[in-house]
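# Fold and geometry: a report
These are the residues of each chain, in order.
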Amino acid sequence: MNVPFGFIPGFLPGASSLLESLDTPILIILRDSSHLHGTLRSYDQFSNLVVSECVRRVYIISKGVYKEEKRGLEVVRGDTIIMLGEYDENAGGRGGGLRKVEEEEFKEIEGGLKEGEEKVMVWDFDQDLNA
C-alpha cells in the first residue's frame, strides 16, 4: 500500500490527535482549577504542551467577574490537564455574563466576599478519583 507523503489519517490516537490543533487558540483547564488561554505551539507524546501568548483567568463566579494574568510562553505538564479544547477568540458576547476587571477591582471584590462564599470557580476532580 502506497501512502502519500504528508497524509494524515482521519483518526489519530492519543497525543497525536493534537496535531490538528497546532497554531490554534485553545482553552486548558488544569487540576488546580486554573484556566489557561493561548495558542498551542507544540506537544509531545505525554501531552506536555507549549502554549504561546498564554493568559491565566481567575474567576469569582458569585460576583460575575474575572481577571486575566498574562503569562507569555508557558509549558504545561500533560498530567495536570483535565480538559483541552479549541475556542473561537472572535466569538464575542459568549462570556456567560462575566465581566473582565482589573487586578485592583478584583482584589476589592475578593476581599468583600462573605464567609463561605466561593472565591473562584472550583473543579474538584480529585473527589471523583477517591474510590
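Notes on the structure in this doc start here. (Residues numbered from 1 in each chain as written. Predicted model: local features only at pLDDT ≥ 70, side-chain atom pairs only at ≥ 80, totals over all residues. Heavy atoms only, no water.)

### A look at the pairing of strand β3 (residues 49–60)
In this sheet, β3 lies alongside strand β2 (residues 35–43) in antiparallel orientation, the contact comprising 7 bridges. Across the sheet, the residue bridging to leucine 40 is valine 51, located in β3. Counted between consecutive antiparallel strands, the loop separating β2 from β3 contains 5 residues, among which serine 47 sits at a positive phi close to 65°. With 10 bridges joining them, β3 and strand β4 (residues 65–76) adopt antiparallel strand pairing. Bridge pairing in β4 links valine 51 to glutamate 74. With antiparallel pairing between neighbouring strands as the criterion, β3 and β4 make up a hairpin whose turn holds 4 residues, including glycine 64 at a positive phi of roughly 70°. (Pairing = 2+ DSSP bridges. Helix = DSSP H or I, 4+ residues; strand = E, 2+ residues; numbered from the N terminus.)

### Quick look at the nonpolar core
Of all hydrophobic cores here, the largest spans 11 residues; its members are Leu18, Ile26, Ile28, Leu30, Leu36, Leu40, Leu49, Val51, Cys54, Val76 and Ile81. At the level of secondary structure, the elements contributing two or more residues to this core comprise β1 (25–30), β2 and β3. In contact with leucine 30, other than residues within four places in its own chain, are Leu36, Val76, Thr80, Ile81 and Ile82. Membership of the second largest hydrophobic core comes to 7 residues, among which are Val58, Ile60, Val101 and Leu113. (Core = buried A, V, L, I, M, F, W, Y, C linked by side-chain atoms within 4.5 Å. Buried < 20%, exposed > 50% of the residue type's maximum accessible area, 1.4 Å probe, protein only. Contact = heavy atoms within 4.5 Å.)

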